[in-house]
Amino acid sequence: MGRLLPEVRDRALKRPWLLVPPLLGLLGQNVLGLLSPGAPGAMALKTVLSALFTVAVTTLFAELWLGDGKSVVPGRLVETGTLFILPYPLLLVFGVMTTPFVYWLLRADVPQFVSLGALYVVLGAGKLTAFALGAMSAVAAARRRESAGALGALLLGARVLWANLGFFFLLLGGCWLFQEACVFLARSLAPGLLGGFFTTVIPLFGAVAFPVEAWRSGRLRKA
């Protein structure tokens, strides 16, 4: 992991256009914030638009990282977007599975520190699930030529994730904790856009750039 960090850093410094996706993500967050929460269907619309914004930003970042860093090929962009959007319903499944527990927890007669701790665990599990699906899709995008289609590439990505579970647990768990720390500091020292920027850019590097470079460099066990 120690040598992987400077490799990712050096590649990022050669690709200044990588700043565009997180800035677009920040713009998307602010646009979604303008939606009236009381309007009919606003929550559902916001959820769908948030998912589409996330996939679009991640897809663009992945293509800039995998390619020359300054241009995108429409055909490849569509392929990569497909790889990132196909696993997304699994996050909805996670939400459906955890919602009853969260609802019960909020209404249960338990100490506040217990309920808050449990909610934080659920939040962390959701974040790790999202990061893991992103890493799987990123590796799938890097290996797409080894497969005949999107589902085959995702299967290759899932196998790599499973074969290197310890590596990804440390990487993605560290990414989440680093994100939380940066967002907390940003909101404490400079409230406003900086926290939103960290919320977007850290997962892009943690769930896309690092997994791709780890695979390319041969650090990950093949599956």
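Remember, it's a predicted structure, so these values are computed and weren't measured experimentally.

A. Structural context of the overall build of the chain. Helix and strand counts for the chain come out as nine helices and zero strands. Mapped in sequence order, the helices and strands of the chain form the string α-α-α-α-α-α-α-α-α. For 223 residues, the compact-globule estimate of 2.2 N^0.38 gives 17 Å, and the C-alpha radius of gyration of the chain, at 18 Å, lies within 12% of that figure. In terms of its C-alpha atoms, the chain occupies a principal-axis envelope of roughly 50 × 35 × 35 Å. Split into buried and exposed, the 223 residues of the chain put 40% on the buried side. Summarising the internal contacts of the chain: among those between residues at least 6 apart in sequence, 73% fall at separations of at least 24. Accessible surface, the chain as shown: approximately 12,600 Å² in total, 72% of it carbon and sulfur.

B. Seen up close, the packing of helix 5 (residues 89-107) against helix 6 (residues 112-142). Closest axis-to-axis distance for the helix 5/helix 6 pair is 11 Å, and the angle between their directions is 180°. Classified by the interaxial angle, the pair formed by helix 5 and helix 6 is roughly antiparallel. In this structure, helix 5 uses Leu 90, Leu 91, Phe 94, Thr 98, Phe 101, Val 102, Leu 105 and Leu 106 to contact helix 6, whose residues at the interface are Ser 115, Ala 118, Leu 119, Val 122, Ala 125, Gly 126, Thr 129, Ala 130 and Leu 133. Residues that form the contact of helix 5 with helix 6 fall into these classes: 13 nonpolar, four polar and no charged.

C. Spatial organisation of the layout of surface pockets. Each pocket or cavity is described by its volume, and for the largest pocket that value is around 1,500 Å³. Ser 50, Thr 54, Tyr 88, Leu 91 and Ala 130 are, among the 44 residues lining the largest pocket, the residues nearest its centre. Those elements that provide at least two residues to the lining of the largest pocket are helix 2 (20-33), helix 3 (42-66), helix 4 (74-85), helix 5, helix 6 and helix 9 (193-216). Among the elements that take part in the lining of the largest pocket, helix 3 stands out by supplying twelve residues, more than any other. Here the residues of the lining of the largest pocket are counted per class, giving 27 nonpolar, 15 polar and two charged. Roughly 350 Å³ of internal volume is contained in the second largest pocket. Leu 5, Phe 178, Ile 202, Phe 205 and Phe 210 are, among the 15 residues lining the second largest pocket, the residues nearest its centre. Residue assignment for the lining of the second largest pocket shows that the elements contributing at least two residues are helix 1 (4-13), helix 8 (165-189) and helix 9. Of the residues contributing to the lining of the second largest pocket, the split by class is twelve nonpolar, two polar and one charged.

D. Here's a closer look at the environment of Gly 149. If you trace the backbone, Gly 149 turns up in the loop between helix 6 and helix 7 (150-163). Counting along the chain gives 31 residues from Gly 149 to Ala 118, while the straight-line C-alpha distance between them is 40 Å.

Rules behind the numbers
- Residues numbered from 1 in each chain as written.
- Predicted model: local features only at pLDDT ≥ 70, side-chain atom pairs only at ≥ 80, totals over all residues.
- Heavy atoms only, no water.
- Helix = DSSP H or I, 4+ residues; strand = E, 2+ residues; numbered from the N terminus.
- Rg over C-alpha atoms; globule rule 2.2 N^0.38 Å.
- Buried < 20%, exposed > 50% of the residue type's maximum accessible area, 1.4 Å probe, protein only.
- Contact = heavy atoms within 4.5 Å.
- Areas by Shrake-Rupley, 256 points an atom, 1.4 Å probe, with all protein chains shown as cover.
- Axes fitted to C-alpha atoms, helices over the stretch in contact; angles between N-to-C directions.
- Parallel < 35°, antiparallel > 145°, perpendicular 65-115°, else oblique.
- Nonpolar A, V, L, I, M, F, W, Y, C, P; charged D, E, K, R; others polar.
- 1 Å grid on protein atoms, 1.4 Å probe; cavity = no way out; pocket = protein on both sides within 12 Å on 5 of 7 lines; lining within 4 Å.
- Points joined across faces, edges and corners; volume = space filled by probe spheres on them.

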